[in-house]
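Results of the structural survey
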Amino acid sequence: MIMKLSFLGATGTVTGSKYLLETRGKRILIDCGLFQGLKELRLRNWASLPIDPASIDAVLLTHAHLDHSGYLPLLVRNGFAGPVYCTQATADLCSILLPDSGHIHEEDASRANRYGYTKHHPALPLYSEKDAWLALDQFKPLEFSKQYHIDKKIYFRFEPVGHILGASYIRIDDGSLSITFSGDLGRYQDPVMRSPSPLQDTDYLVVESTYGDRLHEANDLQNNLGQIINETSSKGGSVIIPAFAVGRAQAILYHIYKLKERGVIADLPVYLDSPMSIKATDVFCKNHRLHKLNEEEAYKVCNAVKQVSTVEESKRIDHSPYPSIIVSASGMATGGRVLHHLKVFLRDHRNTVLFAGFQANATRGRKMLEGAETIKIHGEHIPVKARIANLEGISAHADYKEVMQWLETMKARPSKVFVTHGEEQAALAMATRLREEFGWDVEVPEYLDSVNL
Ligand SMILES: [Zn+2]
(Lines give C-alpha, C1' and ligand atoms only; values in the text may rest on other atoms or scores of the structure.)
Protein backbone atom coordinates (compact mmCIF):
# COMPACT_ATOMS: atom_id res chain seq x y z
CA MET A 1 0.00 0.00 0.00
CA ILE A 2 1.36 3.37 -0.98
CA MET A 3 0.52 6.71 0.50
CA LYS A 4 0.87 9.68 -1.81
CA LEU A 5 1.38 13.14 -0.38
CA SER A 6 1.06 16.34 -2.43
CA PHE A 7 1.98 19.81 -1.24
CA LEU A 8 -0.67 22.25 -2.50
CA GLY A 9 0.45 25.13 -0.30
CA ALA A 10 2.61 26.30 2.63
CA THR A 11 5.81 25.68 0.66
CA GLY A 12 8.20 28.65 0.66
CA THR A 13 5.50 30.58 2.53
CA VAL A 14 3.57 30.42 5.78
CA THR A 15 0.24 30.67 3.97
CA GLY A 16 -2.03 28.50 1.85
CA SER A 17 -1.64 25.30 3.93
CA LYS A 18 -3.10 22.38 1.94
CA TYR A 19 -1.78 18.84 1.85
CA LEU A 20 -3.42 16.11 -0.16
CA LEU A 21 -3.03 12.59 1.16
CA GLU A 22 -4.07 9.73 -1.11
CA THR A 23 -4.26 6.27 0.36
CA ARG A 24 -6.45 3.16 0.01
CA GLY A 25 -8.42 4.86 -2.74
CA LYS A 26 -9.30 7.83 -0.51
CA ARG A 27 -8.36 11.46 -0.98
CA ILE A 28 -7.95 13.43 2.23
CA LEU A 29 -7.10 17.12 2.30
CA ILE A 30 -5.30 18.27 5.42
CA ASP A 31 -5.96 21.99 5.90
CA CYS A 32 -7.52 24.17 3.26
CA GLY A 33 -5.89 27.55 3.67
CA LEU A 34 -5.81 30.80 1.77
CA PHE A 35 -2.62 32.19 0.31
CA GLN A 36 -1.89 35.65 1.71
CA GLY A 37 0.77 38.32 1.26
CA LEU A 38 2.66 38.56 -2.04
CA LYS A 39 0.48 39.06 -5.10
CA GLU A 40 2.13 36.10 -6.77
CA LEU A 41 0.91 33.97 -3.86
CA ARG A 42 -2.56 35.48 -3.69
CA LEU A 43 -3.07 34.74 -7.36
CA ARG A 44 -2.84 31.04 -6.50
CA ASN A 45 -6.17 31.40 -4.68
CA TRP A 46 -7.72 32.13 -8.08
CA ALA A 47 -6.02 29.26 -9.94
CA SER A 48 -7.84 25.93 -9.96
CA LEU A 49 -6.51 23.11 -7.80
CA PRO A 50 -4.58 20.32 -9.52
CA ILE A 51 -7.38 17.95 -8.49
CA ASP A 52 -11.14 18.08 -8.76
CA PRO A 53 -12.57 19.18 -5.35
CA ALA A 54 -15.50 16.79 -5.92
CA SER A 55 -13.04 13.86 -5.79
CA ILE A 56 -11.89 14.68 -2.22
CA ASP A 57 -13.42 12.38 0.41
CA ALA A 58 -12.77 14.46 3.54
CA VAL A 59 -11.02 17.58 4.80
CA LEU A 60 -9.23 17.60 8.16
CA LEU A 61 -8.44 21.00 9.70
CA THR A 62 -5.61 21.55 12.17
CA HIS A 63 -7.06 24.90 13.28
CA ALA A 64 -9.22 27.85 12.32
CA HIS A 65 -6.73 30.48 11.11
CA LEU A 66 -7.58 31.51 7.55
CA ASP A 67 -4.24 30.41 6.16
CA HIS A 68 -5.39 26.90 7.18
CA SER A 69 -9.17 27.12 6.61
CA GLY A 70 -9.90 30.13 4.42
CA TYR A 71 -10.05 28.30 1.08
CA LEU A 72 -12.85 25.97 2.21
CA PRO A 73 -15.75 28.09 0.90
CA LEU A 74 -14.19 27.93 -2.55
CA LEU A 75 -13.50 24.20 -2.29
CA VAL A 76 -17.16 23.62 -1.48
CA ARG A 77 -18.38 25.96 -4.21
CA ASN A 78 -16.19 24.05 -6.67
CA GLY A 79 -17.73 20.70 -5.77
CA PHE A 80 -16.34 19.32 -2.50
CA ALA A 81 -19.32 17.67 -0.79
CA GLY A 82 -17.68 15.62 1.98
CA PRO A 83 -17.23 16.19 5.70
CA VAL A 84 -14.85 18.75 7.23
CA TYR A 85 -13.49 17.23 10.44
CA CYS A 86 -11.99 19.44 13.14
CA THR A 87 -12.26 20.09 16.88
CA GLN A 88 -15.32 21.85 18.29
CA ALA A 89 -13.43 25.08 19.06
CA THR A 90 -12.03 25.11 15.51
CA ALA A 91 -15.57 24.77 14.15
CA ASP A 92 -16.77 27.58 16.45
CA LEU A 93 -13.95 29.86 15.34
CA CYS A 94 -14.39 28.99 11.65
CA SER A 95 -18.04 29.98 11.92
CA ILE A 96 -16.73 33.45 12.83
CA LEU A 97 -13.72 33.66 10.52
CA LEU A 98 -15.06 32.21 7.27
CA PRO A 99 -18.22 34.36 6.88
CA ASP A 100 -16.15 37.40 7.79
CA SER A 101 -13.56 36.44 5.20
CA GLY A 102 -16.34 36.10 2.58
CA HIS A 103 -17.71 39.48 3.64
CA ILE A 104 -14.27 41.11 3.31
CA HIS A 105 -13.80 39.60 -0.17
CA GLU A 106 -17.18 41.02 -1.19
CA GLU A 107 -16.37 44.44 0.26
CA ASP A 108 -12.96 44.54 -1.41
CA ALA A 109 -14.53 43.72 -4.76
CA SER A 110 -17.25 46.32 -4.43
CA ARG A 111 -14.79 48.98 -3.25
CA ALA A 112 -12.51 48.20 -6.19
CA ASN A 113 -15.49 48.56 -8.52
CA ARG A 114 -16.63 51.80 -6.89
CA TYR A 115 -13.26 53.49 -7.03
CA GLY A 116 -12.13 51.85 -10.22
CA TYR A 117 -8.75 50.59 -8.92
CA THR A 118 -9.09 47.23 -10.63
CA LYS A 119 -8.06 45.78 -13.95
CA HIS A 120 -11.04 43.42 -13.83
CA HIS A 121 -14.48 44.66 -14.85
CA PRO A 122 -16.30 44.03 -12.71
CA ALA A 123 -14.02 42.78 -9.91
CA LEU A 124 -15.54 39.65 -8.36
CA PRO A 125 -15.02 38.41 -4.80
CA LEU A 126 -12.96 35.24 -4.39
CA TYR A 127 -15.99 33.93 -2.53
CA SER A 128 -18.96 35.38 -0.69
CA GLU A 129 -20.28 35.25 2.84
CA LYS A 130 -22.98 32.89 1.58
CA ASP A 131 -20.34 30.51 0.19
CA ALA A 132 -18.79 30.48 3.67
CA TRP A 133 -22.07 29.56 5.37
CA LEU A 134 -22.59 26.74 2.87
CA ALA A 135 -19.12 25.39 3.64
CA LEU A 136 -19.84 25.52 7.39
CA ASP A 137 -22.79 23.15 6.86
CA GLN A 138 -20.25 20.44 6.07
CA PHE A 139 -18.37 20.76 9.37
CA LYS A 140 -18.34 17.74 11.68
CA PRO A 141 -16.79 18.77 15.03
CA LEU A 142 -14.93 16.02 16.90
CA GLU A 143 -13.13 15.68 20.21
CA PHE A 144 -9.46 15.93 21.03
CA SER A 145 -7.47 12.75 21.68
CA LYS A 146 -10.03 10.29 20.34
CA GLN A 147 -9.70 7.98 17.39
CA TYR A 148 -12.01 8.52 14.39
CA HIS A 149 -12.33 6.61 11.14
CA ILE A 150 -12.50 7.71 7.52
CA ASP A 151 -13.09 4.13 6.46
CA LYS A 152 -12.41 0.74 8.05
CA LYS A 153 -8.64 1.07 7.77
CA ILE A 154 -7.93 4.79 7.91
CA TYR A 155 -8.18 6.46 11.26
CA PHE A 156 -7.07 9.81 12.61
CA ARG A 157 -6.92 11.88 15.78
CA PHE A 158 -6.53 15.49 16.90
CA GLU A 159 -4.07 16.30 19.69
CA PRO A 160 -3.81 19.81 21.21
CA VAL A 161 -0.82 22.00 20.32
CA GLY A 162 -1.61 25.29 22.11
CA HIS A 163 -1.36 28.08 19.47
CA ILE A 164 -5.08 29.05 19.45
CA LEU A 165 -8.26 27.51 20.82
CA GLY A 166 -8.96 24.18 19.17
CA ALA A 167 -5.58 23.96 17.41
CA SER A 168 -4.27 20.45 16.99
CA TYR A 169 -1.78 18.26 15.30
CA ILE A 170 -3.35 15.52 13.22
CA ARG A 171 -2.09 11.95 13.11
CA ILE A 172 -3.44 9.72 10.36
CA ASP A 173 -2.89 5.97 10.16
CA ASP A 174 -3.93 3.86 7.17
CA GLY A 175 -3.24 0.52 8.83
CA SER A 176 0.27 0.23 7.43
CA LEU A 177 1.78 3.73 7.65
CA SER A 178 1.25 6.74 9.84
CA ILE A 179 1.70 10.41 9.03
CA THR A 180 1.42 13.45 11.28
CA PHE A 181 0.77 17.08 10.39
CA SER A 182 1.97 19.53 13.04
CA GLY A 183 -0.37 22.35 12.05
CA ASP A 184 0.84 25.50 13.78
CA LEU A 185 2.74 24.67 16.91
CA GLY A 186 2.09 26.84 19.96
CA ARG A 187 4.58 27.76 22.64
CA TYR A 188 5.83 26.31 25.85
CA GLN A 189 5.16 28.75 28.71
CA ASP A 190 2.54 30.82 26.90
CA PRO A 191 0.74 32.85 29.59
CA VAL A 192 -2.67 31.98 28.15
CA MET A 193 -2.49 28.85 25.98
CA ARG A 194 -1.42 25.43 27.19
CA SER A 195 1.81 23.80 25.99
CA PRO A 196 1.74 21.49 22.94
CA SER A 197 0.95 17.89 23.88
CA PRO A 198 3.65 15.27 23.25
CA LEU A 199 4.14 14.04 19.71
CA GLN A 200 3.12 10.42 19.20
CA ASP A 201 5.39 8.20 17.14
CA THR A 202 4.84 8.54 13.42
CA ASP A 203 6.41 7.20 10.23
CA TYR A 204 6.14 10.50 8.40
CA LEU A 205 5.92 14.01 9.70
CA VAL A 206 5.04 17.35 8.15
CA VAL A 207 6.28 20.08 10.46
CA GLU A 208 5.88 23.84 10.39
CA SER A 209 8.88 26.22 10.37
CA THR A 210 7.43 29.73 10.70
CA TYR A 211 10.31 30.62 13.00
CA GLY A 212 12.67 27.94 11.66
CA ASP A 213 15.57 30.40 11.68
CA ARG A 214 14.68 32.48 14.71
CA LEU A 215 14.44 32.41 18.48
CA HIS A 216 11.94 34.49 20.38
CA GLU A 217 13.74 36.87 22.68
CA ALA A 218 13.38 35.97 26.30
CA ASN A 219 12.01 39.37 27.26
CA ASP A 220 9.49 40.85 29.56
CA LEU A 221 6.69 41.14 27.06
CA GLN A 222 4.13 42.57 29.44
CA ASN A 223 6.39 45.35 30.69
CA ASN A 224 7.55 46.16 27.15
CA LEU A 225 3.92 46.58 26.15
CA GLY A 226 3.37 48.77 29.20
CA GLN A 227 6.38 50.93 28.29
CA ILE A 228 5.17 51.47 24.70
CA ILE A 229 1.68 52.36 25.92
CA ASN A 230 3.07 54.83 28.47
CA GLU A 231 5.51 56.46 26.01
CA THR A 232 2.68 56.95 23.52
CA SER A 233 -0.01 58.18 25.87
CA SER A 234 2.35 60.63 27.58
CA LYS A 235 2.70 62.37 24.18
CA GLY A 236 -1.08 62.42 23.85
CA GLY A 237 -1.02 59.67 21.25
CA SER A 238 -2.97 56.44 20.85
CA VAL A 239 -1.73 52.90 20.37
CA ILE A 240 -3.21 51.00 17.44
CA ILE A 241 -2.65 47.26 17.66
CA PRO A 242 -3.42 45.30 14.50
CA ALA A 243 -4.01 41.88 16.01
CA PHE A 244 -5.11 38.55 14.64
CA ALA A 245 -8.74 38.40 15.72
CA VAL A 246 -8.40 34.88 16.97
CA GLY A 247 -5.68 34.24 19.51
CA ARG A 248 -3.41 37.27 19.61
CA ALA A 249 -6.23 39.77 20.23
CA GLN A 250 -7.18 37.85 23.39
CA ALA A 251 -3.53 37.56 24.50
CA ILE A 252 -3.14 41.35 24.11
CA LEU A 253 -6.29 41.98 26.09
CA TYR A 254 -4.95 39.71 28.82
CA HIS A 255 -1.67 41.66 29.04
CA ILE A 256 -3.43 45.05 29.00
CA TYR A 257 -5.74 43.84 31.76
CA LYS A 258 -2.75 42.73 33.84
CA LEU A 259 -0.90 46.03 33.24
CA LYS A 260 -3.89 47.97 34.52
CA GLU A 261 -4.34 45.61 37.45
CA ARG A 262 -0.66 46.09 38.36
CA GLY A 263 -0.98 49.86 38.03
CA VAL A 264 1.71 49.99 35.32
CA ILE A 265 -0.48 51.87 32.84
CA ALA A 266 -3.23 54.42 33.33
CA ASP A 267 -6.85 53.42 32.96
CA LEU A 268 -7.00 54.40 29.27
CA PRO A 269 -10.00 53.33 27.24
CA VAL A 270 -9.31 50.07 25.42
CA TYR A 271 -11.38 49.42 22.32
CA LEU A 272 -11.78 46.05 20.74
CA ASP A 273 -12.80 47.12 17.28
CA SER A 274 -13.46 44.13 15.13
CA PRO A 275 -16.78 42.30 15.13
CA MET A 276 -14.82 39.14 14.54
CA SER A 277 -12.44 39.70 17.48
CA ILE A 278 -15.45 40.39 19.70
CA LYS A 279 -17.02 37.05 18.76
CA ALA A 280 -13.67 35.25 19.07
CA THR A 281 -13.19 36.79 22.53
CA ASP A 282 -16.59 35.42 23.46
CA VAL A 283 -15.57 31.92 22.33
CA PHE A 284 -12.36 32.40 24.34
CA CYS A 285 -14.34 33.19 27.52
CA LYS A 286 -16.75 30.30 27.08
CA ASN A 287 -13.95 27.79 26.42
CA HIS A 288 -11.85 28.60 29.46
CA ARG A 289 -11.20 24.87 29.93
CA LEU A 290 -9.07 24.96 26.78
CA HIS A 291 -6.68 27.62 28.11
CA LYS A 292 -4.93 28.55 31.33
CA LEU A 293 -7.23 31.29 32.68
CA ASN A 294 -10.01 30.27 34.99
CA GLU A 295 -13.61 31.28 34.28
CA GLU A 296 -13.55 34.35 36.52
CA GLU A 297 -10.24 35.64 35.16
CA ALA A 298 -11.33 35.02 31.55
CA TYR A 299 -14.49 37.06 32.06
CA LYS A 300 -12.60 39.89 33.78
CA VAL A 301 -10.18 40.10 30.82
CA CYS A 302 -13.03 40.11 28.32
CA ASN A 303 -15.06 42.71 30.20
CA ALA A 304 -12.19 45.16 30.64
CA VAL A 305 -12.57 46.43 27.05
CA LYS A 306 -15.12 48.49 25.20
CA GLN A 307 -16.48 46.43 22.34
CA VAL A 308 -17.00 48.48 19.19
CA SER A 309 -19.74 46.92 17.11
CA THR A 310 -20.95 49.47 14.59
CA VAL A 311 -19.05 51.33 11.90
CA GLU A 312 -20.30 54.65 13.37
CA GLU A 313 -18.75 53.84 16.76
CA SER A 314 -15.58 52.78 15.00
CA LYS A 315 -15.36 56.13 13.20
CA ARG A 316 -16.10 58.02 16.41
CA ILE A 317 -13.04 56.61 18.20
CA ASP A 318 -10.86 57.91 15.37
CA HIS A 319 -11.86 61.44 16.31
CA SER A 320 -11.54 61.21 20.07
CA PRO A 321 -8.97 63.78 21.32
CA TYR A 322 -7.90 61.48 24.17
CA PRO A 323 -5.25 58.75 24.14
CA SER A 324 -6.64 55.27 23.81
CA ILE A 325 -5.68 51.74 22.86
CA ILE A 326 -7.37 50.25 19.81
CA VAL A 327 -7.09 46.54 19.17
CA SER A 328 -8.37 45.76 15.70
CA ALA A 329 -7.98 43.18 12.94
CA SER A 330 -6.40 42.14 10.67
CA GLY A 331 -3.08 41.30 12.27
CA MET A 332 -0.92 41.98 9.21
CA ALA A 333 -3.05 45.00 8.15
CA THR A 334 -4.10 43.15 5.01
CA GLY A 335 -7.77 44.01 5.52
CA GLY A 336 -10.45 44.67 8.10
CA ARG A 337 -11.36 47.72 10.17
CA VAL A 338 -7.80 48.39 11.27
CA LEU A 339 -7.17 49.87 7.81
CA HIS A 340 -9.61 52.70 8.52
CA HIS A 341 -7.85 53.47 11.80
CA LEU A 342 -4.45 53.34 10.11
CA LYS A 343 -5.61 55.88 7.52
CA VAL A 344 -6.24 58.31 10.38
CA PHE A 345 -3.62 57.42 13.01
CA LEU A 346 -0.60 56.81 10.74
CA ARG A 347 -0.46 60.50 9.85
CA ASP A 348 0.32 61.67 13.43
CA HIS A 349 3.79 61.14 14.94
CA ARG A 350 2.37 60.94 18.48
CA ASN A 351 0.64 57.62 17.77
CA THR A 352 2.11 54.14 17.77
CA VAL A 353 1.17 51.27 15.49
CA LEU A 354 2.16 48.17 17.37
CA PHE A 355 2.30 44.87 15.50
CA ALA A 356 1.81 41.69 17.46
CA GLY A 357 2.76 38.56 15.59
CA PHE A 358 4.34 37.27 12.43
CA GLN A 359 4.18 39.66 9.45
CA ALA A 360 4.30 37.77 6.16
CA ASN A 361 6.34 39.00 3.24
CA ALA A 362 4.85 41.94 1.29
CA THR A 363 1.99 42.57 3.72
CA ARG A 364 1.41 46.16 4.87
CA GLY A 365 2.56 45.05 8.33
CA ARG A 366 5.92 43.84 7.03
CA LYS A 367 6.35 46.95 4.88
CA MET A 368 5.73 49.29 7.82
CA LEU A 369 8.14 47.35 10.04
CA GLU A 370 10.71 47.59 7.26
CA GLY A 371 10.40 51.37 7.34
CA ALA A 372 8.06 52.20 4.43
CA GLU A 373 7.46 55.97 4.27
CA THR A 374 4.01 55.60 2.76
CA ILE A 375 1.49 52.80 2.74
CA LYS A 376 -1.20 52.24 0.17
CA ILE A 377 -4.65 51.72 1.66
CA HIS A 378 -7.77 51.56 -0.52
CA GLY A 379 -5.86 53.04 -3.43
CA GLU A 380 -4.58 55.99 -1.38
CA HIS A 381 -0.96 56.60 -0.31
CA ILE A 382 -0.88 57.33 3.44
CA PRO A 383 2.26 58.90 4.96
CA VAL A 384 3.70 56.84 7.82
CA LYS A 385 4.41 59.42 10.54
CA ALA A 386 3.42 57.33 13.56
CA ARG A 387 5.94 55.26 15.46
CA ILE A 388 5.94 51.68 14.16
CA ALA A 389 6.84 48.99 16.65
CA ASN A 390 6.74 45.26 17.00
CA LEU A 391 5.81 43.51 20.20
CA GLU A 392 8.55 40.92 20.44
CA GLY A 393 7.68 37.63 22.03
CA ILE A 394 3.90 37.74 21.65
CA SER A 395 4.00 35.19 18.86
CA ALA A 396 1.64 32.22 19.01
CA HIS A 397 4.23 30.17 17.12
CA ALA A 398 6.98 28.07 18.59
CA ASP A 399 10.48 29.21 17.67
CA TYR A 400 12.93 26.61 16.33
CA LYS A 401 14.07 25.56 19.79
CA GLU A 402 10.51 24.96 20.88
CA VAL A 403 9.79 22.99 17.70
CA MET A 404 12.87 20.84 18.45
CA GLN A 405 11.71 20.44 22.05
CA TRP A 406 8.36 19.19 20.78
CA LEU A 407 9.97 16.82 18.25
CA GLU A 408 12.05 15.33 21.04
CA THR A 409 8.87 14.19 22.80
CA MET A 410 8.57 11.54 20.06
CA LYS A 411 10.15 8.24 21.08
CA ALA A 412 10.89 6.58 17.75
CA ARG A 413 12.73 8.04 14.81
CA PRO A 414 10.51 9.06 11.85
CA SER A 415 11.25 7.61 8.40
CA LYS A 416 11.07 11.04 6.83
CA VAL A 417 10.25 14.61 7.77
CA PHE A 418 8.90 17.33 5.49
CA VAL A 419 9.52 20.90 6.57
CA THR A 420 6.82 23.31 5.41
CA HIS A 421 4.97 26.45 6.52
CA GLY A 422 8.01 28.72 6.53
CA GLU A 423 9.51 31.28 4.19
CA GLU A 424 12.35 29.70 2.22
CA GLN A 425 15.20 30.65 4.56
CA ALA A 426 13.30 29.57 7.67
CA ALA A 427 12.34 26.18 6.20
CA LEU A 428 15.87 25.49 4.97
CA ALA A 429 17.38 26.48 8.33
CA MET A 430 14.98 24.18 10.16
CA ALA A 431 15.74 21.29 7.77
CA THR A 432 19.49 21.71 8.28
CA ARG A 433 19.05 21.74 12.02
CA LEU A 434 16.97 18.53 12.00
CA ARG A 435 19.52 16.78 9.80
CA GLU A 436 22.49 17.89 11.87
CA GLU A 437 21.08 17.55 15.37
CA PHE A 438 18.78 14.53 14.96
CA GLY A 439 20.31 12.90 11.87
CA TRP A 440 16.85 12.66 10.29
CA ASP A 441 15.97 12.29 6.64
CA VAL A 442 14.49 15.72 5.91
CA GLU A 443 13.04 17.29 2.80
CA VAL A 444 11.83 20.84 2.05
CA PRO A 445 9.14 20.32 -0.59
CA GLU A 446 8.24 22.81 -3.30
CA TYR A 447 4.83 23.98 -4.46
CA LEU A 448 2.83 21.13 -6.05
CA ASP A 449 5.49 18.50 -5.32
CA SER A 450 4.16 14.96 -4.82
CA VAL A 451 5.89 12.10 -3.05
CA ASN A 452 5.07 8.43 -2.68
CA LEU A 453 5.59 7.22 0.88
ZN1 LIG B 1 -2.24 29.54 12.96
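Reading guide: rules and limits
Residues numbered from 1 in each chain as written. Predicted model: local features only at pLDDT ≥ 70, side-chain atom pairs only at ≥ 80, totals over all residues. Helix = DSSP H or I, 4+ residues; strand = E, 2+ residues; numbered from the N terminus. Buried ≥ 20, exposed ≤ 12 C-beta atoms within 10 Å, placed from the backbone. Contact = placed C-beta atoms within 7 Å. Pairing = 2+ DSSP bridges. Domains from an automatic or database assignment. Nonpolar A, V, L, I, M, F, W, Y, C, P; charged D, E, K, R; others polar. Axes fitted to C-alpha atoms, helices over the stretch in contact; angles between N-to-C directions. Arc of directions from axis to C-beta.

**Comments concerning the overall build of the chain**
- From N to C terminus, the chain includes 14 helices and 22 strands.
- The C-alpha extent of the chain, read off along each of the three principal axes, is 70 × 50 × 40 Å.
- When burial is assessed residue by residue, the chain has 51% of its 453 residues classed as buried.
- Here the analysis covers contacts within the chain between residues at least 6 apart in sequence; of these, 73% occur between residues at least 24 apart.

**A short note on the pairing of strand β16 (residues 352–355)**
- Across the two faces of β16 the burial is the same, with T352 and L354 and V353 and F355 all buried.
- Pairing geometry for strand β12 (residues 239–242) and β16, over 2 bridges, is parallel. Across the sheet, the residue bridging to I240 is V353, located in β16.
- Looking at chain direction, β16 and strand β19 (residues 387–390) are connected through 4 bridges and run parallel. Across the sheet, residue L354 finds its bridge partner in β19, namely A389.

**Thoughts on the pairing of strand β1 (residues 4–7)**
- Taking every second residue as pointing to the same face, the buried face of β1 carries L5 and F7, while none of K4 and S6 on the other face is buried.
- Where β1 and strand β2 (residues 19–23) come together, 4 bridges link them in antiparallel fashion. In the sheet register, L5 faces β2, and the bridge partner there is L21.

**Some details on the domain arrangement of the chain**
- On domain assignment, one finds that the chain holds domain 1 (4–214 + 396–452) and domain 2 (221–390).
- Placing a centre on the C-alpha atoms of domain 1 and another on those of domain 2 gives a separation of 27 Å.
- At the interface, 28 residues of domain 1 touch 27 residues of domain 2.
- Here the side of domain 1 that touches domain 2 is built from residues that sort into 16 nonpolar, 6 polar and 6 charged.

**Points about the sheet that holds strand β7 (residues 148–149)**
- If you walk across this open sheet you meet the 7 strands as β7-β8-β9-β10-β11-β20-β21, and the pairing is mixed. One side of each edge strand has no neighbouring strand; the edge strands of this open sheet are β7 and β21 (442–443).
- Sheet topology note: the strand β20 (residues 416–420)/β21 ladder contains 2 bridges and is parallel. When the bridges of β21 are listed, F418 appears paired with E443.
- Across the sheet, helix α14 (residues 424–438) lies against β20 and β21, angled at about 155° from β20, the strand it touches most.

**Details of the environment of M193**
- Tracing the backbone shows M193 in the loop between β10 (178–181) and β11 (204–208).
- As for M193 and A396, which are separated by 203 residues in sequence, their C-alpha atoms are 8.8 Å apart.
- Each residue touching M193, except ones within four places of it in the same chain, is listed here: G162, H163, G186, H291 and K292.

**Points about the sheet that holds strand β4 (residues 58–60)**
- Taken in spatial order, the 7 strands make up an open sheet running β6-β5-β4-β3-β2-β1-β22, and their pairing is mixed. Here the strands that pair on one side only, and so sit at the sheet edges, are β6 (139–142) and β22 (450–452). Taken over all neighbouring pairs, the strand axes of this sheet differ in orientation by 25° on average, direction set aside.
- As paired strands, β4 and strand β5 (residues 84–87) are joined by 2 bridges and run parallel to one another. Residue L60 lies in a different strand from β5, and its bridge partner there is Y85.
- Packed onto the sheet, helix α4 (residues 88–115) meets β5 and β6 and runs at close to 110° relative to β5.

**Things to note about helix α11 (residues 338–345)**
- Of all the residues in α11, the buried ones are V338, H341, L342 and F345. Buried residues of α11, viewed axially, fall in a sector of 100°; they line one side.

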